[in-house]
Amino acid sequence: MENISLYGILYYEKSIFKGSCRGMNFWIRKGGEEDAPVLTATAWKGPFNFDTTQEEKFSRDFPFSDEGIAMADRWLTEQQKIIAPKMT
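Here goes a summary of the coordinates provided.

On to the environment of Lys45. By the element assignment, Lys45 lies in strand β3 (residues 36-45). Its relative accessible area of 37% is what places Lys45 among the partly exposed residues. The spatial distance from the C-alpha of Lys45 to the C-alpha of Tyr7 is 23 Å, given a sequence separation of 38 residues. Those residues within four positions of Lys45 in sequence are excluded, and the remaining contacts are Gly23, Thr53, Glu55 and Ile83.

In this section: the packing of aromatic side chains. Tallied over the entire structure, the rule returns nine aromatic pairs. Between Tyr7 and Tyr11 the ring centres are 4.2 Å apart and the planes differ by 25°, which places this aromatic pair in the stacked class. The exposure class assigned to Tyr11 is partly exposed, which follows from its relative accessible area of 29%. Taken together, a centroid distance of 5.6 Å and an interplanar angle of 70° make the contact between Tyr7 and Phe17 edge-to-face. In this pair, Tyr7 is assigned in the segment before β1 (17-21) and Phe17 in strand β1, connecting sequence segments 10 residues apart. An aromatic cluster is defined as three or more aromatic residues linked by ring pairs; in this entry it consists of Tyr7, Tyr11, Tyr12, Phe17 and Phe26. Seen from the ring of Phe64, Lys30 lies directly overhead, with NZ or CZ sitting 5.5 Å from the centre.

This next bit is on unusual backbone geometry. A cis geometry characterises the amide bond from Gly46 onward to Pro47, with omega recorded as 15°. Look at Arg22: it is not a glycine, yet its phi comes out positive at around 50°. Tracing the backbone through its elements, the reader meets Arg22 in the loop between β1 and β2 (24-33).

Right, let's get into the nonpolar core. Judged by nonpolar contacts, the single largest core of 17 residues is most densely connected at Tyr12, Phe26, Ile28, Leu39, Ala41 and Leu76. Secondary structure elements with two or more residues in this core: β1, β2, β3 and α1 (66-83). Of the residues forming this core, the biggest block, five residues, is contributed by α1.

Bringing α1 into the picture now. Look at α1: 25 Å from first C-alpha to last across 18 residues, which is about the 26 Å you get at 1.5 Å a residue. Contacts from the buried residues of α1 go to β1, β2, β3 and β4 (58-63).

Moving on: the pairing of β1. Pairing analysis gives five bridges linking β1 to β2, with the strands arranged antiparallel. Residue pairing for β2: Ser20 is matched across the bridge by Asn25. Connecting β1 to the antiparallel partner β2 that follows it, the hairpin turn spans two residues, and Arg22 within it adopts a positive phi of roughly 50°.

How each quantity is defined
- Residues numbered from 1 in each chain as written.
- Predicted model: local features only at pLDDT ≥ 70, side-chain atom pairs only at ≥ 80, totals over all residues.
- Heavy atoms only, no water.
- Helix = DSSP H or I, 4+ residues; strand = E, 2+ residues; numbered from the N terminus.
- Buried < 20%, exposed > 50% of the residue type's maximum accessible area, 1.4 Å probe, protein only.
- Contact = heavy atoms within 4.5 Å.
- Phe/Tyr/Trp six-rings, centres within 6.5 Å; stacked < 30°, edge-to-face > 60°.
- Lys NZ or Arg CZ within 6 Å of the ring centre and 35° of its normal.
- Core = buried A, V, L, I, M, F, W, Y, C linked by side-chain atoms within 4.5 Å.
- Expected span 1.5 Å × (residues − 1).
- Pairing = 2+ DSSP bridges.

Keep in mind that these numbers describe shape and distance, not what the molecule does.
Now the structure itself:
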């Protein structure tokens with residue numbers, strides 16, 4: 001996503017990355033089982049937060065690795081074009 005820098009994989013061990021990009025809200029967090037973690041990216045149309053939005057939410061799992069972060073970044077970039085195309 002343009003102008004958004006995602007953290008390295010260690011950040012996601014204990015924290016959720018939350019943000020917005022051109023009309024789309026998102027978060028990236030650790031998911032899955034403790035012995036088989038995944039990186040879960042979730043996106044929805046803004047402006048409301050996850051708990052209050054009525055918009056459909058889209059999620060996808062990626063490997064829990066630095067490559068998974070790059071994959072999530074590409075996926076979120078594509079989601080932004082679908083979720084809020086007028087904002088691109």
